[in-house]
Amino acid sequence: MSLKVIIVEDEQSSREILKGYLERYCPDITLVGMADSVKPALELIRIHKPNLVFLDIEMPFGNGFDLLDQVQEINFEIVFTTAFSNYALQAIQVSASHYLLKPINIDELIQAVEQVKLNLDRESQYLNTKILVENVKLENHQLHKIVLPTLEGFEVASVKDIIHCKADDNFTCFFFADGSKKMICRNLKYYQELLSDFDFIRVHKSHLINKNFVLRYRKGKGGTVVMSNGNEIEVSASRKKEFLEAFAGLK
Amino acid sequence: MKIKFSILLLTLFINSGFSLEFDLKTNETFEINKGGESASELIKLAQSIYKKEPLKAIDHLTKALKIAISKGDLDSQIKAYKLLGEINFDLEQYSLSSANNLKALNLIENGSSLKRKRISSKIKDYSAEKSSIYLLLGNSLELEGKLDEALKYYQLFVDEGQDRQDADFKSSVNDSLETYSGWDVKLKSKPISKIQYAQLAIARIYNKKKEFELSKKSLNNGVGGADSASKISFNYSNSSSYNAQAGRILWEQKDPAAQGFLNNSAEQARSEGNTKIESQAITDLAKYYEENDDFEEAKDFRNKNIKILEKEKDTAALADNYLNKGISESKLGMPDSAKESIVKAQKLGEEIGDLKIQQKSLKELSKIAESKGELEEALELYKKYIRYQDSSVSLKEEELDQKLIISEEYSKKQQQIDLLEKNEEINEKTIELLRSSSRNQKILIYSLLGGLLLVFGSAYLVYKNMRQRRLANQLVALRSLRSQMNPHFIFNALNSVNLYIAQKDERTANKYLTEFSRLMRLVLEQSQKDFIPLQQELEMIDLYINLEHDRFKDKFDFQLQIDPELDGDSYQIPPMLIQPYIENAIWHGLRYKEEKGLLKVEYKLDRNTIKVRVEDNGIGRVKSSQIKTKNQRKTQSTGMYNIESRLKIINSMFNTKISLQVNDLNSEHGTLVEVEIPINSSISS
């Protein structure tokens, strides 16, 4: 099955490059239209009902998120294109949506398209985009939803339900408030970066904790922190200072 | 260190200030404790002995004053000065007496307003003391000849007496006052009251001042009579003494009313059996008549008096009476009886050794002899008279000498007292001076301290400011040094991309370009910071080496070894510190090598240090610089110099000891760069 694709990009050259790459390296797609701003893009989406939209974040007269705000029904995947990593990137990563940094790497482009193709047949179609739109609208970070890739597919969880994360080789084990735990196919460092704005603290080489679930702290070389689910987590000496500083503000 | 020093100074200053105050206090208490006896006891002792041993009494009082002054015991001071005044009066040292009395009076009047109110709890009513001082002062001043002042005090006494009407003023004057009231004999009659005494004194003074009206008025007041001054009423006092004295005053004014007073006094005295006053009054009467040339009357009174005095055996008065009787008889033209009387007077004078009487007698006898025409006898008598005069003069001188000696002794004592006062004054002044100077000293100390603080404060501010400015300068320097490194990449990399495009290898060009842009993102991000997580550094180095390797695949292989112990998130290191050396190794070492070289980059954790080794087996620095032109060398050394200055600044600013060593590897003509970054410092920021 061929993917219907729309490119939303304000810059002529960028559009041409992406168009060329898609034609040459992604033979399974059909480019149904290109737009240079939010308004014509909405029109194109309404008319063509695409499977995939390449969406530039920074555009004059409303950015990529403004476009998503105005789309009535999300029934397509998005691959964001951006020239520089910024605040928007985190929202995109949390919802596990795809993004490409400009200049676009052809290998990454091929990979992103392949991913979208894989999801197309699944029940969780366009889920990432829906979560992204939801997250963007939410003011409170803790209510944000996060998409966690598993071996089977992915899990969607609220940030506020994650008690702590434990590194397990290249995987990360998530402990949730309902007592369940999940093995996620990304390393802890990835989630440390992703969740640093959500009150998460790296207390140890292999532990990331949600500050809001800390029950008590016992002094020691680094000390031990006890979480609300009873789990005791070691704090490494080198990160003790950072940990205590995070709590100093709450006193 | 500085703070400690200033605190030390502070305590030092404060201590010295306090000890100064303390010294003052101890000094004072020491003096007070010195006197064993109490002032009031000494005064009592002096009171009991002053009649007999005035000198000793003065000694006691001197001592008492010393104690009282040091203690600030006002009461004792007043009493001591008052008693001193009385003693001085007794000793006929009138000016001293009045001086001491004035002191006492001054203390009474100003006592309550004195600065040191040691006895403020018992401010006494000194009115009794005051009035007695007034009286004594009036007396002593009168005797000193200071009539106006004397009058003032007498008047004060009288005014007070009229106001108060209490018993004390009506009580009789004491012996010593009577003695010095200006009469020759003690007036042991029915005593006159103090008020009367003062009135008499006032009358006396006005008399001396020739203000007879006022004098008479005062006399009238003394007997409580009408206040009309011109008509002196003959309300004689019930005291013969008062009448006698009033009579004399009036007589001195040549007022005939004197006769009445004197007669009255004589009669009263006779009925009282007070022969002395009787004799006194009669003498005055006789004198009155003698002055008024009524020698007959005078002679009669002299005879009367002689009778009384013969009974009394008062030889001196008798001699005087005989002499005056003789003079009167002589004036009456009775030279023989006159001669008889005067010879008697002379004999009596001889008896009691009274030169004056003898002298006068001789003079009169000589006159009588002359009038009788017995010139030889008269001359003889006159010569005798002259001789007597000489001896009486020398006697007088002797007396005066004696008096002088005595008064010298007393004045010495008084000098001591004065000295005492002066000492006390000086003491007080010194204490005041010390206090004020200690106050000044304190002000000085505090202002000095303030100044010191100000200096320290401003010095600290200047220091802080300087430090901040230096830090800011260093930061600017750091930033500028950092940004200088970037262009190397950009153009080298862009050149590579250009190469792939020229070769029409889109995929490779795209890959190279995107990796380059990733590298650029990292470098740009890092360029904002003084320290970055080691993880980012490693990522950047990996990207860089890979990019360079892409370009010079045929020139070198590389090994990037990272110690698994190194947790990339735990450590922070300065960015772009190692990269330039890797660049050097590739561009100046390996690139010139004929065969394929090897680049080894190693990050290792060694206890508390991150050790980075960049090793290449290129042509080495020496050969490299030989190959290059002068201009090439210049640009290269600028880059290295930049790193070194950057390290210097980082080490001083962040207090770390990052070391860098570049060694030539002689065996294979390679270069080894070793960088050691202490962990402690790298975490701290």
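See above for the structure.
Source: prediction; values computed, not measured. Counting restarts for each chain: residues are numbered from 1 in the order of the written sequence. Chains carry letters and ligands carry numbers; both start at the beginning, A for chains and 1 for ligands, and go up in the order they are written. With pLDDT at 70 or above as the cut-off, local features in this predicted model cover only qualifying residues; side-chain atom pairs require 80 or more to be listed or tallied, and sums for whole chains, interfaces and linings still use all residues. Calculated side-chain values reflect all of the structure's heavy atoms, with hydrogen atoms and water omitted.

Colleague: I tried to follow the sheet that holds strand β12 (residues 207-210) of chain A on my own but got confused; where do I start?
Modeller: Residue and element names in this part refer to chain A. Pairs of strands are assigned from DSSP output, requiring at least two bridges between the strands. Secondary structure elements are taken from DSSP: a helix is a run of H or I of four residues or more, a strand is a run of E of two residues or more, and numbering for both begins at the N terminus. The 5 strands are arranged β10-β9-β8-β12-β11 in an open sheet whose pairing can be described as antiparallel. Each edge of the open sheet is held by one strand with a lone partner, namely β10 (181-184) and β11 (200-204). With direction set aside, neighbouring strand axes in the sheet form an average angle of 20°. Two residues form a contact once any of their heavy atoms are found within 4.5 Å. Every axis corresponds to a line fitted to the C-alpha atoms, with the helix fit spanning only the stretch in contact, and the corresponding angles, defined between N-to-C directions, vary from 0 to 180 degrees. Packing against the sheet, helix α7 (residues 188-195) makes contact with β8 (162-168), β9 (171-176), β10, β11 and β12, and its axis sits at approximately 30° to β12. Packed on one face of the sheet, helix α8 (residues 237-248) meets β11 and β12 and runs near 150° to β11.

Colleague: What should I look at first to understand helix α5 (residues 106-120) of chain A in this one?
Modeller: Structural remark: α-helix, 3.6 residues per turn; residues separated by three or four positions point the same way. Residues and elements named next belong to chain A. Given a rise of 1.5 Å per residue, 15 residues ought to cover 21 Å, and the 21 Å separating the end C-alpha atoms of α5 matches this to within 8%. Buried means the residue's accessible area, taken with a 1.4 Å probe over protein chains only, is under 20% of the maximum for its type, while exposed means over 50%, and partly exposed covers the values in between. Of the residues making up α5, those classed as buried are I106, L109, A112, V113, V116, K117, N119 and L120. Within α5, the buried residues cover an arc of 165° as seen down the axis, which keeps them to one side. Of the exposed residues in α5, those oriented more than 90 degrees away from the buried face are Q111 and L118. Each residue after the first adds 1.5 Å to the expected span of a helix. Note: the arc covers the axis-to-C-beta directions of the helix.

Colleague: What's the story with the side chain of S14(A) in this structure? I'm lost.
Modeller: Residue and element names in this part refer to chain A. Residue position: S14 is located in helix α1 (residues 12-25). Judged by relative accessible area, S14 falls into the buried class, the value being 14%. What S14 contacts, discounting residues up to four positions off in sequence, is E9 and K102.

Colleague: Any chance you could explain the packing of helix α22 (residues 534-551) of chain B against helix α23 (residues 579-590) of chain B here in plain terms?
Modeller: For any two helices packed against each other, the geometry comes down to the angle between their axes and how far apart the axes lie. All names here are of chain B. Closest axis-to-axis distance for the α22/α23 pair is 11 Å, and the angle between their directions is 15°. For the element pair α22 / α23, the angle class is roughly parallel. For the element pair α22 and α23, the recorded crossing hand is right-handed. Contacts between α22 and α23 involve M540, I541, Y544, I545, E548 and R551 from the first element and Q579, I582, E583, I586 and W587 from the second. Taken together, the residues that form the contact of α22 with α23 break down as 7 nonpolar, 1 polar and 3 charged. Each angle is binned into one of four classes, with values under 35 degrees roughly parallel, values over 145 roughly antiparallel, values of 65 to 115 roughly perpendicular, and all other values oblique. A crossing counts as left-handed when the near helix is turned anticlockwise from the far one by less than a right angle, and as right-handed when that turn is clockwise. The nonpolar class holds Ala, Val, Leu, Ile, Met, Phe, Trp, Tyr, Cys and Pro. Asp, Glu, Lys and Arg form the charged class, and all remaining residues, Gly among them, are polar.

Colleague: Mind showing me how you'd approach the pattern of salt bridges here?
Modeller: For side chains of opposite charge, pairing can occur when their charged atoms come near one another. Residues and elements named next belong to chain B. In what follows, salt bridge is the name for a side-chain nitrogen of Lys or Arg lying within 4 Å of a carboxyl oxygen of Asp or Glu. Counted by the stated rule, this structure contains 27 salt bridges over all chains. Here K367 ties to E364 by a salt bridge, and the two come within 3.6 Å at their closest N and O atoms. With a gap of 3 residues between them, K367 and E364 both fall in helix α18 (residues 355-372), about one helical turn apart. By relative accessible area, which is 12% here, E364 ends up buried.

Colleague: What is the right way to read the nonpolar core from this model?
Modeller: One recurring pattern in soluble globular proteins is that nonpolar side chains are buried together. All names here are of chain B. Counting 53 residues, the largest nonpolar core has I578, I582, I586, L599, Y603 and I610 as the members making the most contacts within it. Among the elements that line this core, the one with the most residues is α22, at 8 residues. By size, the runner-up hydrophobic cluster in this structure holds 47 residues, among which are A46, A64, I108 and A198. Here the nonpolar core consists of buried residues drawn from Ala, Val, Leu, Ile, Met, Phe, Trp, Tyr and Cys, with membership extended through side-chain atoms lying within 4.5 Å.

Colleague: What am I meant to see in the side chain of K299(B) here?
Modeller: Residues and elements named next belong to chain B. Position of K299 among the secondary structure elements: in helix α15 (residues 295-312). Residue classification places K299 among the buried positions, given a relative accessible area of 12%. Every residue in contact with K299, bar those within four places of it in the chain, is listed here: K325, S328, E329, L332 and M334.

Colleague: Would you mind going over the packing of aromatic side chains with me for this structure?
Modeller: Centre distance and the angle of the planes are the two values used to describe a pair of aromatic rings. Only Phe, Tyr and Trp rings are paired, with Trp represented by its six-membered ring, and only when their centres lie within 6.5 Å; those with planes under 30 degrees apart are stacked, over 60 edge-to-face, the remainder tilted. As enumerated under the stated definition, the model contains 15 aromatic pairs over all chains in all. Here the aromatic rings of Y217(A) and F243(A) are separated by 5.1 Å at their centres, their planes lie at 45°, and the arrangement is tilted. Here Y217(A), found in strand β13 (residues 214-218), pairs with F243(A), found in helix α8; they are 26 residues apart in sequence, far enough to count as distant. With centroids separated by 5.3 Å and ring planes inclined at 45°, the aromatic side chains of Y382(B) and Y385(B) adopt a geometry described as tilted. Here Y382(B) pairs with Y385(B), and both are found in helix α19 (residues 375-483), just 3 residues apart, close to one helical turn.

Colleague: Can you help me understand unusual backbone geometry in this one?
Modeller: Peptide bonds are trans in most cases, and residues, glycine excluded, mostly fall at negative phi. P103(A) follows K102(A) through a cis peptide bond whose omega is 0°. Looking at the element boundaries, P103(A) is found in the loop between β5 (98-101) and α5. The phi torsion at K504(B) lies on the positive side, around 60°, for a residue other than glycine. With respect to the element layout, K504(B) can be found in the loop between α20 (486-502) and α21 (506-527). A positive phi angle, close to 50°, is found at R607(B), a residue other than glycine. Looking at where R607(B) falls in the secondary structure, it is placed in the loop between β4 (597-606) and β5 (609-616).

Colleague: Would you explain the interface of chain B and chain A in this entry?
Modeller: Interfaces are often sized by the accessible area lost when the parts come together. Taken together, the contact pairs 14 residues of chain B with 22 residues of chain A. Ranking the residues of chain B by area buried against chain A places E506(B), R507(B) and R521(B) at the top, with a combined share of 40%. The salt bridge partner of R24(A) is E506(B), with a shortest N-O separation of 2.6 Å. Counted as a polar contact is a pair of N or O atoms within 3.5 Å, where, for protein atoms, one must be capable of donating a hydrogen and the other of accepting one, and residues adjacent in sequence contribute only when both atoms are in side chains. On inspection of chain B and its partner chain A, the count reaches 9 residue pairs in polar contact (both at pLDDT 80 or more). Take the side of chain B that touches chain A: its biggest share by element is 8 residues, from α21(B). Buried area is understood as the total, over both parts, of accessible area removed when two parts are fitted together, assessed with a 1.4 Å probe.

Colleague: Where do I start with the packing of helix α14 (residues 275-291) of chain B against α15(B) in this structure?
Modeller: Residues and elements named next belong to chain B. As a packed pair, α14 and α15 sit with axes 8 Å apart at the nearest point and diverge in direction by 160°. By the angle class used here, α14 and α15 are roughly antiparallel. Classified by chirality, the crossing of α15 by α14 is left-handed. In this structure, α14 contributes T275, E278, S279, I282, T283, L285, A286, K287, Y289 and E290 to the contact, and α15 contributes F295, E297, A298, F301, R302, K304, N305, I308, L309 and E312. Partitioning the contact of α14 with α15 into residue classes produces 9 nonpolar, 4 polar and 7 charged.

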